[in-house]
Amino acid sequence: MRVKLGIAVILVLLTGACTEPVRLAPVPSTAPRVTPPASGPKHQLTVVAAGDLLVHPPLTEQAAADAQAAGRSGHDFTQVLAAIRPRVSAADLAICHMETPLADPRGPFTGWPTFSVPPELADAAAWAGFDTCSTASNHSLDTGMEGVTRTLDNLDRVGLRHAGTARSAAEAARPTIIDVAGVKVAQLSYALSFNTIPLPPGRPWAANLIDRDAILAAAHRARAAGAEIVILSMHWGTEYQNAPNDDQLDVARELLASPDIDLIIGHHVHVVQPFEKIGRKWVAYGMGNLTTRFDDGAPENTQDAVVPEFTFTRAASGRWEVTDVTVLPTWMEYQPAARVVDLVSAAKDPAVPAARRTHYAEIERRINGYVGMRGAFEAGLHALS
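Presented here is an overview of the structure given in this document. (Residues numbered from 1 in each chain as written. Predicted model: local features only at pLDDT ≥ 70, side-chain atom pairs only at ≥ 80, totals over all residues. Heavy atoms only, no water.)

**Structural notes on unusual backbone geometry**
Here is the rule we go by: In DSSP terms, a helix is any run of H or I states spanning at least four residues, a strand is any run of E spanning at least two, and both are numbered starting from the N terminus. Buried residues are those whose accessible area, probed at 1.4 Å on protein chains only, stays under 20% of the maximum for their type, while exposed residues exceed 50% and partly exposed ones sit between those limits.
Backbone torsion omega between glycine 107 and proline 108 reads 0 degrees, so that peptide bond is classified as cis. The linkage connecting glutamine 335 with the following residue, proline 336, adopts the cis geometry, with an omega of 0 degrees. Examined against the element boundaries, proline 336 turns out to sit in the loop between β13 (320-333) and β14 (339-342). The phi torsion at asparagine 195 lies on the positive side, around 55 degrees, for a residue other than glycine. On the basis of relative accessibility, which here comes to 15%, the residue asparagine 195 falls in the buried class. One non-glycine residue, tyrosine 240, lies in positive phi territory at about 65 degrees. Residue classification places tyrosine 240 among the partly exposed positions, given a relative accessible area of 34%.

Here you go:
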């Protein structure tokens, strides 16, 4: 993978998606759940991850309508995310991906090609139970250093940790390590490009570009700082392609060969890609769009996503490894209101019309087909049912 990893060379279809103006007022903000320390050393913990938090103009409008219905101005994304809150909030650690920069409360809110989305998205992510977000993406620099700072300030405001972008050299050099019931878990986050936007002058540390040597060095620093588990978020791949590309396959093998990296979770491609067990470790190449609102008529699989749960177990050696993986398929429904659908629950809900339940079951089968393209089910991954 040379010095600057082949993946950075693949400036593949770097399109994004979008978000639009409305106004603002704080959404009820609950601080993220903190797992109380267990008595004695913990030997098992669960990590839930999710796909891109991506906000198009109609989704901004939906959040404005939901806030108005609740008697508030601004934007409320909690109803959009409500279906996945039980799974996310039950995990020992939950990781989200903030695809686009957060705006000033008054806007402007913009969409592709340069995003700037309502800051209440951070409130909703915390409300849903996420503990930390990756922030390195091809849109990290859409609104410059100001957008990087606003995004991280808002994540700090609601108590969400973050990795992938930084406001200072000192912040960039400091590993993101989260205490999960007494277990130190590090999060790393890297992106394949910034859509040709250069890093701010004199601030090469503002956002992390995929580079094999840099990633391995960061993972090693995290271990040296006490991390027992290191999770790597990768913004990579060919957009709208369910199969991982050759760079993803090569990079996953190289990085998981390191004793310093335990799990890779992928973003960016806007569709679900497979999971794969490489040796004794797992990679989720792409988890799809947790939230999105493409134009009507866009391919339906751009609404697909998965919310996996990885169970880490401490071995006799003291090392941690993933011993179980379950996947919850979700779907971003657009009508009558934009909502994330828990497909497993909805397909069995007698209150849902039969035709819609049948459709949900078909989507669930499609998503599981993508997840299993590289032998994940045979390797022990379980689909919820």
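That covers the picture; the talk isn't over yet.
**Points about helix α1 (residues 57-69)**
Heads up, the condition is: How far a helix is expected to stretch is found by multiplying one less than its residue total by 1.5 Å. Only heavy atoms enter the contact rule, under which two residues are in contact if any of them lie within 4.5 Å.
With 13 residues, α1 extends 18 Å between its outermost C-alpha atoms, agreeing within 8% with the 18 Å of an ideal straight helix rising 1.5 Å per residue. Looking at the buried side of α1, the elements it contacts are α2 (78-81), β11 (289-291), β13 and β14. A positive backbone phi angle near 85 degrees is found at glycine 71, which sits one or two residues after α1.

**Topic: the sheet that holds strand β5 (residues 176-180)**
The line we're drawing: Two strands qualify as a pair provided DSSP detects at least 2 bridges between them. Fitting a line to C-alpha atoms yields each axis, with helices limited to the stretch in contact; the angle taken between N-to-C directions then spans 0 to 180 degrees.
Spatial ordering of the open sheet is given by β5-β6-β7-β8-β10-β9, a layout of six strands whose pairing is mixed. Strand pairing shows two members of the sheet lacking a second neighbour, β5 and β9 (275-278), which therefore form its edges. On average, each strand axis in the sheet is inclined to that of its neighbour by 20 degrees, with strand direction left out of account. Relative to strand β6 (residues 183-191), helix α7 (residues 212-224) is tilted by about 165 degrees, and along the sheet it contacts β5, β6 and β7 (229-235). Along the sheet, helix α8 (residues 246-256) contacts β7, β8 (263-267), β9 and β10 (281-284); its crossing angle with β9, the most-contacted strand, is approximately 40 degrees.

**Considerations on the packing of aromatic side chains**
Rule in force here: Any two rings among Phe, Tyr and Trp, with Trp reduced to its six-membered ring, count as a pair given centres within 6.5 Å; such a pair is stacked if its planes are under 30 degrees apart, edge-to-face if over 60, and tilted if neither.
Within this structure, the stated rule accounts for four aromatic pairs. Aromatic pair tryptophan 236 and tyrosine 285: ring centres 6.0 Å apart, planes at 25 degrees, arrangement stacked. Here tryptophan 236 is found in the loop between β7 and α8, whereas its partner tyrosine 285 is found in the loop between β10 and β11, with 49 residues between them in sequence. No difference in accessibility class separates tryptophan 236 from tyrosine 285, as the two residues are buried.

**Quick look at the state of the cysteines**
Note the following rule: Throughout, disulfides are identified as pairs of cysteine sulfur atoms within 2.5 Å of each other.
Here the structure, examined in full by the defined rule, presents one disulfide. Across the disulfide from cysteine 96 sits cysteine 133; the S-S distance is 1.7 Å. Taken together, the residues cysteine 96 in strand β2 (residues 93-98) and cysteine 133 in strand β3 (residues 132-134) connect sequence positions 37 residues apart. Considered together, cysteine 96 and cysteine 133 belong to a single accessibility category, that of buried residues.

**Structural notes on α7**
For clarity, the cut-off: Residues adjacent in sequence count toward polar contacts only when both atoms are side-chain atoms; beyond that, a polar contact is any pair of N or O atoms within 3.5 Å, and within protein one must be able to donate a hydrogen and the other to accept it.
Spanning 13 residues, α7 covers 18 Å between terminal C-alpha atoms, matching the ideal 18 Å at 1.5 Å per step. Among the structural elements, β5, β6, β7 and α8 are those in contact with the buried residues of α7. Taking the backbone nitrogen of aspartate 213 as reference, a side-chain oxygen 3.0 Å away marks aspartate 211 as the first, capping residue of α7.

**So, the environment of alanine 214**
Along the chain, alanine 214 turns up in helix α7. Put simply, alanine 214 and tyrosine 190 are 24 residues apart on the chain and 9.7 Å apart in space, counted from C-alpha to C-alpha.

**Some thoughts on the nonpolar core**
Applied cut-off: By convention a nonpolar core is built from buried Ala, Val, Leu, Ile, Met, Phe, Trp, Tyr and Cys residues, the set being connected through side-chain atoms within 4.5 Å.
Counting 49 residues, the largest nonpolar core has Leu53, Ile84, Leu121, Phe130, Leu160 and Leu290 as the members making the most contacts within it. At the level of secondary structure, the elements contributing two or more residues to this core comprise β1 (44-53), α1, α2, β2, α4 (120-128), α5 (144-157) and β13. When residues in this core are grouped by element, the largest group, seven residues, is from α4. Judged by nonpolar contacts, the second largest core, of 38 residues, contains Ile95, Ala346, Tyr360 and Ile367.

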